[in-house]
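Read off the chains here:
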Amino acid sequence: MSHNTAPTPLTASKGSPLTGTIRVPGDKSISHRSMMFGALAVGRTTVKGLLESEDVLATADAMRAVGATIERHADGSYTVDGVGLGSLLEPEGVIDFGNAGTGVRLTMGIFGSHNIAATFVGDASLSKRPMGRVLDPLREMGTNVIARDGDRLPASIRGAETALPITYRVPMPSAQVKSAVLLAGLNAPGETTVIEPIPTRDHTEKMLKGFGAEISVTLNENGERVIKLTGQPELKPQDIDVPGDPSSAGFPLVAALIIPGSDITIENVLLNEHRTGLITTLIEMGGDIEIVNRRETGGEEVGDLRVKASQLKGITVPADRAPSMIDEYPVLAIAAAFASGDTFMPGLDELRVKESDRLAAVARGLEANGIACVETEDTLTVTGGAASIGGGTVTTHLDHRIAMAFLVLGMASDTGVTVDDGAVIATSFPTFTSLFETLGAKFSETASEAA
Ligand code: S3P
């Protein structure tokens, strides 16, 4: 599943205003979890609107490797016939997660409390990312681990025969770490407690409850979320309708705001409160974004976003908003390049350990295209209103969101922007270019064809 195709440079250049109505693909976080929790249930889970991206398909393969039957049907829906919690089979080969941090970290949690051995590998990006943040609590629960120095992939684990339920305070704002501990706790007898000082996306908690787990969330005297999970439930299959991914919606959202004359609607976007930081921030910057048709599906709020081109102004983005828009900073930096004045983004230390060092990758990409910015260890300041924007080539470092953010820059630029590898987009948003083309965007496949 590793991303093996040769790098394909891709250029976006100035086109007409963006107009029309689109739907972005299903939410990546919910898609991964649908495959995992479906595999842990007894019976048939159905999934509509699954994100069919390389990351999610790697997770589906990992669940097949431990005995789940996962099929795609003619209408694009999926069924997952679960193998059942506690009954996972030992996988025969290595588990290749490609680029997928969520996939590997959550799966390590699941396997970590099952008495099976498994070896995980990933692409060059995933092999650089820290796994100790999930392997450390798993070791406390009894998982045996052999990993490369610094707890990087490849890593082999043998799950505990009987895992120890623990109380774990998550040391960094990370839904992946929280989820890995909870998922290991699923097959541990007794109560696993996760204390989350800074709230992060809560899809694991919500979906596990839907699958029939006994899980409670309260606030302690310090205002921290305390999540308690009773181990060894029988998980019941669910019918899941995956809403549109707000992180993917961020790209057309920003593009429509910064390309003069644009007016688009993005339908069926997930509006979970832990995911809407970008929308809040862009509205504070003066973005004309109307949320219409708010409704609930499968316990999650969704709505349609009507977005019109707007003159944005620079602001300070509160640091405590970072977890609710952690994947959206690259594209927010592009919006900031078209705002008047400076946009200051503090609290970005977690960006250093994403699919790439996103703080550095964004800063270098902005500089390559004539946009002034200042990068510190955990902040970024972008100065808007450069005289001429574009003309540069951006190194994507196998990072889908760096590629997409800078293609959005190219669409609004004076002289076009090239990313060194457009193929990485398949990680999370395989229909990115075709969807944008329906709105009026223009792409060309090699740098030499750039406008
Ligand atoms: C995710 C959590 C976030 C996010 C990632 C998806 C999840 O990662 O960046 O794209 O589905 O739990 P962290 O937990 O590392 O912040």
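Conventions and cut-offs
Residues numbered from 1 in each chain as written. Predicted model: local features only at pLDDT ≥ 70, side-chain atom pairs only at ≥ 80, totals over all residues. Heavy atoms only, no water. Axes fitted to C-alpha atoms, helices over the stretch in contact; angles between N-to-C directions. Helix = DSSP H or I, 4+ residues; strand = E, 2+ residues; numbered from the N terminus. Parallel < 35°, antiparallel > 145°, perpendicular 65-115°, else oblique. Left-handed = near helix turned anticlockwise from the far one by under 90°. Contact = heavy atoms within 4.5 Å. Nonpolar A, V, L, I, M, F, W, Y, C, P; charged D, E, K, R; others polar. Domains from an automatic or database assignment. Buried area = accessible area lost by both parts, 1.4 Å probe. Salt bridge = Lys/Arg side-chain N within 4 Å of Asp/Glu carboxyl O. Polar contact = N/O pair within 3.5 Å; in protein donor to acceptor, adjacent residues only side chain to side chain. Core = buried A, V, L, I, M, F, W, Y, C linked by side-chain atoms within 4.5 Å. Buried < 20%, exposed > 50% of the residue type's maximum accessible area, 1.4 Å probe, protein only. Near = heavy atom within 4 Å. Areas by Shrake-Rupley, 256 points an atom, 1.4 Å probe, with all protein chains shown as cover. Pairing = 2+ DSSP bridges.

### So, the packing of helix α1 (residues 28-40) against helix α3 (residues 101-112)
Okay, so step 1: Look at α1 against α3: their axes get within 11 Å of each other, and the N-to-C directions meet at 25°. As judged from the angle between their axes, α1 and α3 are roughly parallel. Two packed elements cross with a definite hand, and for α1 against α3 that hand is right-handed. For the pair α1 and α3, contact is made by Lys 28, His 32, Arg 33, Met 36 and Leu 40 and by Thr 102, Gly 103, Leu 106, Thr 107 and Ile 110, respectively.
Okay, so step 2: Among the residues making up the contact of α1 with α3, the classes are represented as four nonpolar, four polar and two charged.

### A short note on the domain arrangement of the chain
Okay, so step 1: Assigned domains of the chain: these are domain 1 (2-26 + 243-445) and domain 2 (29-241).
Okay, so step 2: Summarising the inter-unit geometry, the C-alpha centres of domain 1 and domain 2 are found 28 Å apart.
Okay, so step 3: Every contact between the two is made by 26 residues of domain 1 and, on the other side, 29 residues of domain 2.
Okay, so step 4: Buried surface at the junction of domain 1 and domain 2, summed over both partners, amounts to about 2,300 Å²; 47% is from carbon and sulfur atoms.
Okay, so step 5: Counting across the domain 1 and domain 2 interface gives four salt bridges.
Okay, so step 6: Put simply, Arg 201 and Asp 327 hold a salt bridge, and the shortest N to O gap is 3.6 Å.
Okay, so step 7: On inspection of domain 1 and its partner domain 2, the count reaches 12 residue pairs in polar contact (both at pLDDT 80 or more).

### Overview of the nonpolar core
Okay, so step 1: Of all hydrophobic cores here, the largest spans 75 residues; its most connected members are Phe 432 and Phe 436.
Okay, so step 2: Ranked by residues supplied to this core, first place goes to helix α11 (residues 400-412) with 10 residues.
Okay, so step 3: If we ignore the near neighbours within four places in the chain, the residues touching Phe 436 are Leu 18, Phe 251, Pro 252, Ala 255, Val 408, Met 411, Ala 441 and Phe 443.
Okay, so step 4: Counting residues in each nonpolar core, the second largest holds 66 residues, with Ala 60, Ile 70, Tyr 78 and Ile 95 among its members.

### Observations regarding the site of the ligand
Okay, so step 1: Close to the ligand lie Lys 28, Ser 29, Arg 33, Thr 102, Pro 173, Ser 174, Ala 175, Gln 176, Arg 201, Ile 326, Asp 327 and Lys 354.
Okay, so step 2: Contacts to the ligand include Ser 29, whose side-chain N or O atom sits 2.7 Å from an oxygen atom.
Okay, so step 3: Between the ligand and Ala 175 there is a distance of 3.0 Å, counted from an oxygen atom to a backbone nitrogen or oxygen.
Okay, so step 4: Protein burial of the ligand: of its 390 Å² of free accessible surface, 96% is covered by the chains.

### Comments concerning the sheet that holds strand β7 (residues 117-121)
Okay, so step 1: Pairing is mixed across the open sheet formed by four strands, whose spatial order is β6-β7-β9-β8. Each edge of the open sheet carries a strand with a single partner, namely β6 (95-96) and β8 (144-148).
Okay, so step 2: Alignment of β8 against strand β9 (residues 152-158), held across five bridges, turns out to be antiparallel. Paired with Asn 144 across the two strands is Arg 158, which belongs to β9.
Okay, so step 3: Against the sheet, α3 touches β6, β7 and β9, its axis set at about 15° to β9.

### Here's the deal with the pattern of salt bridges
Okay, so step 1: If you walk through the whole model with that rule in mind, you get 33 salt bridges.
Okay, so step 2: Here Asp 81 ties to Arg 44 by a salt bridge, and the two come within 3.0 Å at their closest N and O atoms. Of the two residues, Asp 81 is situated in strand β5 (residues 78-81) and Arg 44 in strand β3 (residues 44-48); the sequence distance between them amounts to 37 residues.
Okay, so step 3: With relative accessibility at 45%, the residue Arg 44 sits in the partly exposed group.
Okay, so step 4: Two residues, Asp 357 and Arg 352, come together in a salt bridge whose shortest N-O distance is 3.0 Å.
Okay, so step 5: Through salt bridges with shared partners, a single ionic network connects Arg 129, Arg 201, Asp 327, Glu 355, Arg 358, Asp 399 and Arg 401.

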